[in-house]
Structure formats: structure tokens, C-alpha cells
Amino acid sequence: MVYDGIVLSLLIGWFRGGSLKGLANMKLRFGWLFPILLAVQFVVFFLQERVAWISSMSNGIFLLVYITGLAFLWLNRHQPGFPVIFAGVLLNFIVMAVNGGRMPVSIEAAQFLGREYIEALKAGLYGKHQAITSDTLLPFLGDIIPLSPPYPRQQVISIGDVVMNVGAFLFIQHLMLSAPRHGADDAEKETTAAPANQ
């Protein structure tokens with residue numbers, strides 16, 4: 001859902017008169033860490049069922065990714081929205097950490113995702129997720145919120161995901177509105193019109 005939130009934030013920022021040029025003003029400490037963390041998660045997701053040693057270490061790898069991500073967010077906490085993103089990531093990290101490095105998912109909430117997904121979830125084979133059971137700790141922090149039509153994509157998200165998206169929205173709005181599309185044009189018009197008014 002984080003990617004959906006980013007796309008929505010960009011659209012809203014555009015309709016509010018903001019410019020994508022504002023994204024060029026983004027100055028993050030250790031910004032190169034973010035794409036690396038995403039790449040690591042994708043690699044583990046696709047290889048954990050094919051490579052034994054990755055499968056055995058995947059829980060720890062996912063937790064390490066979250067810890068590194070939290071450190072990155074903390075170093076950039078002065079950025080608008082980043083404290084909120086930090087809180088969302090922390091909530092997801094906590095529930096994963098107390099449940100062996102996997103994000104618990106509500107079987108009931110995920111029913112609409114299809115039988116194949118549910119079977120994989122119960123078998124513990126789907127990425128970094130596992131089914132919520134009676135042994136799950138802090139299940140209310142897991143993926144328990146179903147999203148279905150009219151939402152464009154069917155998925156189940158957590159409270160932490162919602163919080164993260166709020167933070168990402170605030171950050172993107174700040175960047176885009178810091179470089180309004182019409183600011184330069186208006187200034188140029190005022191400069192051009194000034195001699196005619198004299």
C-alpha cells in the first residue's frame with residue numbers, strides 16, 4: 001500500500017498546484033539506503049523458496065531491513081512527515097519482531113485474495129507474512145484491514161501501513177508545494193507588466 005500512497009500523494013500534490021520539480025529538493029541523509037533495502041526485500045521474497053540458506057535466514061534479514069530502515073528514518077526525522085513514517089514502520093517492526101520476523105495476516109480479512117494465497121499463507125510460504133493464530137502476539141498490529149473495490153487493488157494492510165502512508169503524504173506534499181507550478185510564471189508576468197503600469 002505504501003506505493004499506492006505515494007502515487008496518490010503525487011496526484012493530490014499536482015492538483016494542489018505543486019510541481020514534481022519539488023522532488024529534486026529532497027535532501028536525505030544516507031538516501032542511497034532506501035533503494036538498497038527495497039532490493040534486499042525483493043531478492044529475499046523471490047529466492048527464499050529456492051535457496052535453502054536464504055529461507056533459513058529470511059526472518060532475520062527482514063528484521064535487519066526494518067532496523068536499518070528505522071535508523072535511516074531517525075537520521076532524517078527533521079524532514080516533514082518522517083516522524084510519522086517512523087512511527088508506522090516501528091509498529092510493523094514490533095509486531096514482526098515478537099512473532100519471529102513475520103508479519104501476521106488475518107485469514108478472515110484476506111479471504112477475498114483467493115484460495116491459493118490463503119493456502120500459501122497458512123503454509124508460511126508467502127514472503128514475510130504468516131497467518132494469525134491463537135499464538136500470535138499483538139495481532140491487532142498485523143495485516144487485519146481489508147481493502148477491496150472501489151479501492152483499485154485488493155490487499156490487506158496494517159495500522160502501521162496506514163500511519164506510514166500518512167507520513168509519506170505529508171512529506172510529498174511538502175516537497176511538491178515548495179515548488180508551485182505557477183510561481184515562476186506569475187512572477188514573470190508581474191515583472192513584464194510593471195513597466196506598462198508606470
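Throughout this document, residue positions are counted from 1 along each chain, in the order its sequence is written. For this predicted model, a pLDDT threshold of at least 70 governs which residues receive local features, and a threshold of 80 or more governs which side-chain atom pairs are given and counted, while totals over whole chains, interfaces and linings are taken from all residues. Side-chain descriptors were evaluated using all non-hydrogen atoms of the structure, hydrogens and water having been removed beforehand.

Enquirer: Is there a simple way to think about helix α3 (residues 52-75) in this case?
Expert: Side chains three or four residues apart in an α-helix point the same way, a direct result of the helix having 3.6 residues per turn. Secondary structure elements are taken from DSSP: a helix is a run of H or I of four residues or more, a strand is a run of E of two residues or more, and numbering for both begins at the N terminus. The span expected for a helix works out to 1.5 Å for each residue beyond the first. Here α3 spans 35 Å end to end across 24 residues, near enough to the 34 Å set by a 1.5 Å rise per residue. Given a residue, its bend is the angle between the two axes fitted to the seven residues that end at it and to the seven that start from it. Largest kink in α3: about 55 degrees, centred on S58. Relative accessibility decides the category of a residue: with a 1.4 Å probe and only protein chains considered, values under 20% of the type maximum give buried, values over 50% give exposed, and everything between is partly exposed. Restricting attention to buried positions, one finds in α3 the residues I54, S58, I61, F62, L63, V65, Y66, G69, L70, F72 and L73. Along its buried surface, α3 packs onto α2 (33-47) and α4 (82-97). The contact definition used throughout considers only heavy atoms, calling two residues in contact when any of these lie within 4.5 Å.

Enquirer: In this structure, what is going on with the packing of α2 against α3? I would like to understand it.
Expert: Packed helix pairs are specified by the crossing angle of their axes together with the interaxial distance, meaning the distance between the axes. Note on geometry: axes are lines fitted to C-alpha atoms, helical ones only across the stretch in contact, with angles between N-to-C directions running from 0 to 180 degrees. The N-to-C vectors of α2 and α3 enclose an angle of 165 degrees; their axes lie 10 Å apart at closest approach. Judged on the interaxial angle alone, α3 and α2 are roughly antiparallel. At the point where α2 passes α3, the crossing takes the left-handed sense. Residues L33, L37, V40, Q41, V44 and L47 of α2 lie in contact with α3, whose contacting residues are I54, S58, I61, F62, V65, Y66, T68, G69 and F72. Polarity classes work like this: nonpolar for Ala, Val, Leu, Ile, Met, Phe, Trp, Tyr, Cys and Pro, charged for Asp, Glu, Lys and Arg, and polar for all others, with Gly in that last group. For the contact of α2 with α3, a count of residues per class yields 11 nonpolar, four polar and no charged. An angle below 35 degrees is treated as roughly parallel, one above 145 as roughly antiparallel, one from 65 to 115 as roughly perpendicular, and anything else as oblique. Each crossing is labelled by how the near helix is turned from the far one, with a counterclockwise turn of less than a right angle marking it left-handed and a clockwise turn marking it right-handed.

Enquirer: What should I look at first to understand the environment of L10 in this one?
Expert: Take L10: it is sitting in helix α1 (residues 2-15). With 96 residues separating them along the chain, L10 and S106 place their C-alpha atoms 30 Å apart. In contact with L10, not counting residues within four places along its chain, are L20, L23, I172 and M176.

Enquirer: Help me out: how do you make sense of the nonpolar core in this one?
Expert: Taken as a class, soluble globular proteins show a tendency for nonpolar side chains to be buried jointly. Take the buried residues of types Ala, Val, Leu, Ile, Met, Phe, Trp, Tyr and Cys, join any two whose side-chain atoms come within 4.5 Å, and each joined set is a nonpolar core. Ranked by internal contacts, the top residues of the largest apolar core, which has 24 residues, are L73, F82, I85, V89 and M96. Looking at this core, the elements that each hand over two or more residues are α2, α3, α4 and α6 (159-177). With nine residues, the single largest contributor to this core is α3. With sequence-adjacent residues up to four places away left out, L73 is seen in contact with F82, I85, F86 and V89. Counting residues in hydrophobic clusters, the runner-up holds nine residues, among them V105, A110, I118 and A131.

Enquirer: Would you mind showing me how to read the pattern of salt bridges here?
Expert: One speaks of a salt bridge when a side-chain nitrogen belonging to Lys or Arg is within 4 Å of a carboxyl oxygen belonging to Asp or Glu. Counting across every chain of the model gives one salt bridge. The partner of E119 in a salt bridge is R115, with the nearest N and O atoms 2.8 Å apart. With E119 and R115 both in helix α5 (residues 115-123) and four residues apart, the pair spans about one turn of that helix. Overall, E119 belongs to the partly exposed group, its relative accessible area being 43%.

Enquirer: It is not clear to me how the side chain of Q79 should be interpreted in this structure. Could you clarify?
Expert: In this fold, Q79 is placed in the loop between α3 and α4. Residues within four places of Q79 in sequence aside, it is in contact with K27, L28 and F171.

Enquirer: I keep staring at the confidence of the model for the chain and nothing clicks. Help me out?
Expert: Detailed reading of the predicted coordinates is not advisable wherever pLDDT falls low. On average, the chain scores 87 in pLDDT, and the residues at 70 or more come to 90%. Below pLDDT 50 for its whole length, residues 187-192 participates in zero contacts with residues either more than four positions away or in separate chains. Residue-level confidence of the predictor is what pLDDT reports, using numbers from 0 through 100.

Enquirer: How do you make sense of a nonpolar patch on the surface when you look at a structure like this?
Expert: Together, L90, I94, V98, L137, L138, F140, I144 and I159 give the surface a local cluster of nonpolar side chains, amounting to about 590 Å² of exposed area. Relative to the helices and strands, L90 resides in helix α4. L90 gets classed as partly exposed once you look at its relative accessible area, which sits at 31%. The patches reported here contain residues having more than 30% relative accessible area and no salt bridge. Joining distances are 9 Å for like charges and 5 Å for nonpolar side chains (Val, Leu, Ile, Met, Phe, Trp, Tyr). What sets the accessible areas is the Shrake-Rupley method with a 1.4 Å probe; for residues, cover comes only from the shown protein chains.

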